[in-house]
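Understanding the architecture of this molecule
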Amino acid sequence: MHLRKLVLLTLLVLALPFAVWAQSEPADGGEIEYGQTVDGELTTDSPAIAYTFTGEEGTSVTITMISDDFDTYLTLLDEDGDELTRDDDSAGNLDARIGPYSLPADGDYTIVAQSYAYRNNSGSATGDFTLTLEIVEIELIEYGESVEGTLTSSELSALYFFNGAAGDSVLIRLSSDDFDSYLTLSDPYGYEVITNDDGGGNLNSLIGPYTLADTGQYMITARSLSGTSTGDYVLELERAEVSVLEFNETVTVDISDESSAAYFTFEANAGDVIDVVVDGDVDTNLTLNDTYNYQLAYDEDGGSGNNPELNGIVLNQSGTYTLLLQAPFGGEGSVELTLSRGEVPSLNDGPQTVNFSSSQTTRTLVYTGEEGETVRLNVSVLRGTGSPSVDVSQNGGSVTYVSSSSVEGLSVIFTIPEDGDIQVTVSEYSYTNQSLEVSISSAE
């Protein structure tokens, strides 16, 4: 075969896969109106279909695409054809939902209904779907406001908007005695930026302090963790004043009925061990949230008097951590808070006694061993019976785990994978004041 023909044939063959999945203009699905559900079908000839509607600035809409035949994907475009937002699976079960989304201007908008495969140039999918466009009434909430609401079987989530400015540090609390709460914060472009389950303690949710990246209208979604539970709730939104803490720094916090909480952030590295001590004449509690704003540790009265205290907390990530000091019963007075570097008790020094309370349920110890060394880990309950569990890890990988309830102690034998430190994380879930003795000895 002539060389030129061979080159052309080779190029043609190489181009075929890309030609098959090259995206073209979507088919015209016509107009869709608010409150309308339309039936559609993606085919090989029409792998994407466009629907148009006219909207007004500030109108909150949801767009839902459901199919039993393929993984759906939605895109919303403005009248210039620029993408405003998109979604893959927010409706669950591989179905897509955009919104609630606040339209940025008066004008015509285009919804592109397609499959996930076609959107990502990995093929196309065919089958039937339904597309629904709805207006959503969303309540406004302002900084400093607290609102009460109820989730019902017909309304399993509640949506709130607030106007925020870039640089604002916000706190959002969702509390309920009826269900395990869950919070989501979405930015002015409709993208979910942060979620939280138990950051507020006692199955309550807390987002923040969280610094807003943009100026615009943000959306809070309040629901249960399961998505199916119902009951009453309280939602609070605050603009927080956050102070930066340094290690070995002591700060004085003035507590009053008007100012019953203080918020601090500090930078730390994975593997750092910290102690936080509070000393004062006001009954306070202390919460430590990790770099993703999830509760890492909590204490009420672990220190002297009614003061909280966190000891030997091992940080597992590098980044910004948050401390929340709160006076749940109000009062007037001042307290001193000190952040310092701590030391993890070493099992190489012999048996170690670790104490637990209803709020401090986890302690960490360390043991320095050699690769291939086989050891026995013993945990003894010093008063009555307990419900201990032990998680042994090295360099971020699990070595062994053992747990039991209502026992006087437990024991496990394991082999150390590598030279160096292993972390022994001991938890006690009887939620009472309890003491355990932990030791490691050779099992060879």
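Here the structure is shown first, and the text comes after it.
These lines cover the structure that appears in this document, whether it is placed above or below. These numbers were taken from a predicted model, which means no experiment stands behind them. (Residues numbered from 1 in each chain as written. Predicted model: local features only at pLDDT ≥ 70, side-chain atom pairs only at ≥ 80, totals over all residues. Heavy atoms only, no water.)

**Some thoughts on the environment of D28**
Selection rule: Only runs of H or I of at least four residues qualify as helices and only runs of E of at least two qualify as strands under DSSP, and these elements are numbered from the N terminus. Think of it in three bands: residues with accessible area under 20% of the maximum for their type are buried, residues over 50% are exposed, and the middle band is partly exposed, with areas taken using a 1.4 Å probe on protein chains only. Between two residues, a contact is recorded if the distance between any of their heavy atoms is within 4.5 Å. Between N or O atoms, a polar contact is any pair within 3.5 Å; within protein, one atom must be a potential hydrogen donor and the other a potential acceptor, and residues adjacent in sequence are included only when both atoms are from side chains.
Secondary-structure assignment places D28 in strand β1 (residues 27-31). Using a relative accessible area of 69% as the deciding quantity, one classes D28 as exposed. The spatial distance from the C-alpha of D28 to the C-alpha of V112 is 9.6 Å, given a sequence separation of 84 residues. Look past the residues within four positions of D28 in its chain and what remains in contact with it is I49 and A50. For D28, the side chain forms a polar contact with the main-chain nitrogen of G30, separated by 2.8 Å.

**Points about the pattern of salt bridges**
Put simply, the rule is: By definition here, a salt bridge exists when the distance from a side-chain nitrogen of Lys or Arg to a carboxyl oxygen of Asp or Glu is within 4 Å.
Per the counting criterion, the structure on display carries five salt bridges. A salt bridge links D168 to R239; the shortest N-O distance between them is 3.8 Å. With D168 in the loop between β12 (157-164) and β13 (169-175) and R239 in strand β18 (residues 231-239), this residue pair connects regions lying 71 residues apart in the sequence. By relative accessible area, D168 is classed as buried at 11%. Connected via shared salt-bridge partners are E83, R86 and R119.

**Brief notes about a negative patch on the surface**
To be explicit about the condition: Surface patches are defined over residues having more than 30% relative accessible area and no salt bridge, joining like charges when they lie within 9 Å and nonpolar side chains (Val, Leu, Ile, Met, Phe, Trp, Tyr) when within 5 Å. Accessible areas in this description were obtained via Shrake-Rupley with a 1.4 Å probe; residue shielding takes into account the shown protein chains only. Residues scored as charged are limited to Lys and Arg (positive) and Asp and Glu (negative), so that His and the chain ends carry no count. All charge positions are set by atom: Lys at NZ, Arg at CZ, Asp at CG, Glu at CD.
A contiguous patch of negative charge, built from E31, E33, E79, D80, D82 and D108, is present on the exposed surface. Mapped onto the elements, E31 comes out in strand β1.

**Quick notes on the layout of surface pockets**
A water-sized probe rolled over the atoms picks out the places where empty space is left. Stated precisely, the cut-off is as follows: The distinction between a cavity and a pocket rests on a 1 Å grid over the protein atoms alone: a 1.4 Å probe fits inside a cavity but cannot get out, while a pocket stays open yet meets protein on both sides within 12 Å along at least five of seven lines, and a residue with an atom within 4 Å of a point counts as lining. Grid points are joined across faces, edges and corners, and a volume is the space filled by probe spheres set on the points. Each residue is assigned to one class: nonpolar for Ala, Val, Leu, Ile, Met, Phe, Trp, Tyr, Cys and Pro, charged for Asp, Glu, Lys and Arg, and polar for all the others, Gly among them.
Its boundaries defined by the atoms lining it, the second largest pocket holds a volume of some 1,100 Å³. Lining the second largest pocket are 42 residues; nearest its centre among them are G99, P100, S157, L159 and T221. Of all elements in the fold, only β4 (60-66), β6 (83-87), β7 (96-102), β11 (145-151), β12, β14 (181-186), β15 (192-196) and β17 (216-224) reach the threshold of two or more residues within the lining of the second largest pocket. Per-element accounting of the lining of the second largest pocket gives the leading share, five residues, to β7. A per-class count over the lining of the second largest pocket returns 15 nonpolar, 15 polar and 12 charged.

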